[in-house]
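Analysis of the macromolecular model
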Amino acid sequence: MCDLLGAGRTEASSLQPFWVYNRFPEAVAAILFSKKAVMRPGSQNEHVVDVMTGEVAALEAEQAAALDRDGYLLLRGAVPEPWCANLRAAFDAGVGTGDQWPTPRSADWRHSLVDLDLTVQRTCRLPSLLAAVGQILGDPFFLSQVEGREPLPDGGHQALHRDGAGLDAVAALIFLDPYGPGNGATRVVPRALDGGEADETLSLIVKGGAGDILVFDADLLHGATRNRSGARRRSLLLSFVPECDRSINDACRALRNVRMDTSEVFVPFGCMPSVVGAPFADVQREVPPGFAEEG
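The model shown is predicted, which means the values in this text are computed figures rather than measured ones. The numbers attached to residues start from 1 for each chain and follow its sequence in the written order. Thresholds applied to this predicted model are a pLDDT of at least 70 for local features of residues and 80 or more for the giving and counting of side-chain atom pairs; totals over whole chains, interfaces and linings are not thresholded and use all residues. Excluding hydrogens and water, the side-chain values take into account all heavy atoms of the structure.

**Here we look at the packing of aromatic side chains**
Aromatic ring pairs are defined here through the distance separating the ring centres and the angle between the ring planes. Short version of the rule: Put simply, two rings from Phe, Tyr or Trp (the six-membered ring, in Trp's case) pair if the centres are within 6.5 Å, and we call them stacked under 30 degrees between planes, edge-to-face over 60, tilted for the rest. Relative accessible area decides the class of each residue, using a 1.4 Å probe on protein chains only: under 20% of the type maximum gives buried, over 50% gives exposed, and in between gives partly exposed.
Enumeration according to the criterion identifies 3 aromatic pairs in this entry. Taking 3.8 Å as the distance between ring centres and 15° as the angle between the ring planes, the aromatic pair formed by Phe175 and Tyr179 counts as stacked. In this structure Phe175 comes out as buried when scored by relative accessible area, which is 0%. Take Tyr179: its relative accessible area is 3%, and that puts it in the buried class. Grouping aromatic residues by their ring pairs yields a cluster made of Phe141, Phe240 and Phe266.

**Quick word on the side chain of His222**
The condition is simple: For helices the rule is a DSSP run of H or I covering at least 4 residues; for strands it is a run of E covering at least 2, with both sets numbered from the N terminus onward. Definition of a polar contact: a pair of N or O atoms within 3.5 Å, with one able to donate and the other able to accept a hydrogen when the atoms are protein atoms, and with sequence-neighbouring residues admitted only if both atoms are side-chain atoms.
When you line up the elements, His222 lands in strand β10 (residues 222-224). A distance of 3.3 Å separates a polar atom in the side chain of His222 from a polar atom in the side chain of Asp163.

**Observations concerning the pattern of salt bridges**
Pairs may arise between side chains of opposite charge once their charged atoms sit close together. Let me state the cut-off plainly: We count a salt bridge whenever a side-chain nitrogen from Lys or Arg sits within 4 Å of a carboxyl oxygen from Asp or Glu.
Applying the stated rule across the entire model yields 15 salt bridges. We note a salt bridge from Arg110 to Glu150, for which the minimum N-O separation is 2.7 Å. Within this pair, whereas Arg110 is found in strand β4 (residues 109-112), its partner Glu150 is found in strand β5 (residues 141-151), the two being separated by 40 residues in sequence. One salt bridge in this structure joins Glu264 and Arg125, with 3.0 Å as the shortest N-O distance.

**A short note on empty space enclosed by the protein**
Selection criterion: The way it works is a 1 Å grid over only the protein atoms, where trapped points that fit a 1.4 Å probe form a cavity and open points with protein on both sides within 12 Å along at least five of seven lines form a pocket, and then any residue with an atom within 4 Å of a point lines it. Grid points are joined across faces, edges and corners, and a volume is the space filled by probe spheres set on the points. Throughout this entry, Asp, Glu, Lys and Arg are counted as charged residues, while Ala, Val, Leu, Ile, Met, Phe, Trp, Tyr, Cys and Pro are counted as nonpolar. The remaining residues, Gly among them, count as polar.
Applying the stated rule across the entire model yields 1 cavity of 30 Å³ or more. Roughly 50 Å³ of internal volume is contained in the largest cavity. Every residue lining the largest cavity is listed: Trp101, Ser112, Leu113, Val114, Asp115, Gln145, Val146, Glu147, Arg256, Asn257 and Val258. For the lining of the largest cavity, the element with the most residues is β5, which contributes 3 residues. For the lining of the largest cavity, the class distribution of residues is 5 nonpolar, 3 polar and 3 charged.

That is the geometry; function is a separate question.
Spelled out as structure tokens, the structure:
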């Protein structure tokens, strides 16, 4: 767990604001309107910090058990249907040539820059998606990256692999078109069957419709299949990372061509982060001038 946790700002109406009074560096004294608030003090001359952070709801018990058991969860119809057309339009508008990326991209995939699109950003914050991410990570996290990917006709096949072997991270695929074995859908190896080696006989190919979201542990064996039919299979690939790993992630931000603001922090249900090494329960509660404590 991180000792000093960051918090960004957002204008999404579904997120709850928390005002934190910070007398840093003399002392850490805060009134917390919710124990889910997290702080990142600014300069030493900054004493009042406005913090907005998203408190993530708990995943339904049955879904949480399946996610813990399998290492992945398929959220059927999670994206509202009216949003899907806008997401597909954003994907198509963001498609460019390979040189738009600082690092080489696979030639048999279509890639799209989408991270500044408002509907994309809104979709990345769907409650069910964030709940699943929170279930896996358990600590405050942030959206590290979102990009568009689509396997080209007769392309897209990937060997079974792990996006982050041994790392705390979560990946999610938001499908914008119907997907299945014919057009390059993703295959996964359930955690209980994972013996450490990439065994194709244990993999399962997911199948569904536009608006589904596949959420999985970055350490899960998975890989795309070949798009044999040539039918479109656009998707958004998301990466979520623990807040305490932000500095490592930011170091390669330019290489990943991340343009969006990633400062927003999401706090899983039941998580009690620490502030500068002291649990929130131990921080003195004090009402700053001009503020009234909420009961």
